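Chain residues, written in single-letter form:
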Amino acid sequence: MTTAPKGQPGLSGGLKLVLIGDGESPHLLKWARALAPRVQLHAISSRGFLPEFHRLLPDAQRLALNTAPEHGGGNIALVKQLPKVGAWLQQTDADWLHAHYLTSHGTLAWAAKLGWRLRAQIAGSAWGSDILVTPNRGGSWKWLTKKALRSCVITTSDSQHMAERMRELGAGEVMVFPFGLEALPKQNAKKQPWLCFANRGLEPIYRPQLVIDAFARIAATQPEAQLVVANDGSLRDALQADVAARGLAGRVSFVGRLDAGAQAAHYARSTWFLSLPESDSVSVSVLEAMAHGCVPLLSELPANRELIGDSARGLIISGSPTSLDDLPARMASLDTARLAAVNRDWVAANGLFEPHVQRFLTRLKALSPA
């Protein structure tokens with residue numbers, strides 16, 4: 001691969017940018033798809049790369065570290081890869097390092113910049129738990145998060161709530177936009193009135209037990225109600241046992257992890273979408289559901305209120321017994337056909353990814369040395 005002369009942007013006149021993140025994540029892949037036509041793109045993955053990365057970028061523009069970072073951020077095995085990362089970045093000589101998930105990949109970016117005296121500036125994208133959860137684990141985690149944020153010339157957040165927390169931790173300029181959809185889905189399926197869909201991970205942070213509890217209340221008053229639970233996780237067996245014990249096995253389907261097409265089909269048929277995590281920023285799953293005309297039932301979190309307003313586009317569930325007791329009545333009072341159109345229109349106006357990526361790149365160019 002021909003590289004740009006030292007100290008200059010890419011030969012085509014565009015920015016040379018290195019994504020640093022988890023190359024096995026579909027979210028990083030979505031960023032790569034959006035950036036590839038617009039910049040000279042390179043990528044470093046803490047793990048491997050999804051097959052589509054191989055089609056987007058030639059081998060020389062990808063570096064796979066093949067580690068297994070912890071979900072909570074930070075990993076000794078990743079830090080041990082720093083010499084390889086620093087040397088590769090020194091050779092690549094990028095204009096920007098764009099780190100995704102700040103406590104692990106953001107740390108890698110600033111350490112490489114410092115240790116190898118890279119001219120690249122750092123942009124960072126927060127993903128949620130790196131800002132809302134990890135800094136609360138202890139003083140060292142908070143210090144690491146602050147260090148990563150302060151090393152960034154610019155950062156991105158998908159909610160105002162998370163952006164405020166980033167500023168409290170020392171971030172400078174923060175651009176706020178949802179990690180939105182690449183395109184609006186087609187509308188080609190009839191909604192099943194009391195069909196509910198949930199697809200967050202079956203792990204404690206996503207509170208899938210609360211999803212089951214909520215559905216049990218719905219099912220008690222709506223005989224035709226059904227729930228499809230997608231995704232997987234450590235709580236799946238316990239959840240299935242609980243559903244069976246409640247006599248709901250015939251009305252709750254656990255379908256495991258789904259590809260994009262199968263997931264879209266469930267969104268398209270479902271009237272309701274349940275997402276009740278204990279901590280979250282703006283969820284792509286909720287945006288997808290809204291784009292498909294689902295009415296979201298969301299946990300009481302600031303980012304969720306940003307998404308649906310004060311019950312303008314869905315319902316907030318606090319998780320208290322009272323909140324669940326009156327849930328079926330609250331649902332029955334909504335005009336779901338009207339909300340389907342409202343939610344789709346809202347996503348079209350606010351939740352598409354491409355316009356925000358272009359705005360982000362425009363700002364990177366403005367921040368780049370002349």
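Definitions and cut-offs
- Residues numbered from 1 in each chain as written.
- Predicted model: local features only at pLDDT ≥ 70, side-chain atom pairs only at ≥ 80, totals over all residues.
- Heavy atoms only, no water.
- Core = buried A, V, L, I, M, F, W, Y, C linked by side-chain atoms within 4.5 Å.
- Buried < 20%, exposed > 50% of the residue type's maximum accessible area, 1.4 Å probe, protein only.
- Contact = heavy atoms within 4.5 Å.
- pLDDT = per-residue confidence, 0-100.
- 1 Å grid on protein atoms, 1.4 Å probe; cavity = no way out; pocket = protein on both sides within 12 Å on 5 of 7 lines; lining within 4 Å.
- Points joined across faces, edges and corners; volume = space filled by probe spheres on them.
- Helix = DSSP H or I, 4+ residues; strand = E, 2+ residues; numbered from the N terminus.
- Nonpolar A, V, L, I, M, F, W, Y, C, P; charged D, E, K, R; others polar.
- Phe/Tyr/Trp six-rings, centres within 6.5 Å; stacked < 30°, edge-to-face > 60°.
- Lys NZ or Arg CZ within 6 Å of the ring centre and 35° of its normal.

Caption draft 1: Main features of the nonpolar core. Core analysis: the largest hydrophobic core is formed by 48 residues, its most contacted members being Leu 19, Trp 31, Leu 35 and Leu 364. Those residues in contact with Leu 35, other than ones at most four positions away along the chain, are Leu 17, Leu 19, Leu 41, His 98, Val 357 and Leu 361. Leu 97, Cys 152, Met 162 and Ala 163 belong to the second largest nonpolar core, which has 35 residues in total.

Caption draft 2: Just the confidence of the model for the chain, in detail. Per-residue confidence for the chain gives a mean pLDDT of 91, with 94% of residues at or over 70. Note that pLDDT drops below 50 for residues 1-13; the model gives that stretch 28 contacts with residues more than four away or on any other chain.

Caption draft 3: Seen up close, empty space enclosed by the protein. Summed over the entire model, instances satisfying the criterion amount to one cavity of 30 Å³ or more. Each pocket or cavity is described by its volume, and for the largest cavity that value is around 90 Å³. Residue lining of the largest cavity: 14 residues in total, with Ala 198, Arg 200, Leu 202, Pro 208 and Val 211 positioned closest to the centre. Only helix 9 (208-221) and strand 11 (270-275) provide two or more residues apiece to the lining of the largest cavity. Ranked by the residues each element gives to the lining of the largest cavity, the list is headed by helix 9, at three residues. Of the residues that constitute the lining of the largest cavity, the class distribution is ten nonpolar, three polar and one charged.

Caption draft 4: Highlighting the packing of aromatic side chains. In the structure shown here, the tally under the stated rule is ten aromatic pairs. The interplanar angle of 15° and the centroid separation of 6.4 Å between the aromatic rings of Trp 31 and Phe 179 together place this pair among those described as stacked. One end of the pair, Trp 31, is in helix 1 (residues 26-35); the other, Phe 179, is in the loop between strand 7 (173-176) and strand 8 (192-198), with 148 residues separating them in the sequence. For the residue pair Trp 31 and Phe 179, the accessibility class agrees, reading buried in each case. Judged by centre distance (5.3 Å) and plane angle (90°), the ring pair of Phe 197 and Tyr 267 falls under edge-to-face. Taken as a pair, Phe 197 in strand 8 and Tyr 267 in helix 11 (residues 260-269) lie far apart in primary sequence, 70 residues in all. Judged by relative accessible area, Tyr 267 falls into the buried class, the value being 2%. Each residue in the set Trp 31, Phe 177, Phe 179, Phe 353 and Phe 360 is aromatic and connected to the rest through ring pairs, giving one cluster. Above the face of the Phe 49 ring, Arg 62 is positioned so that its terminal group lies 5.7 Å from the ring centre.

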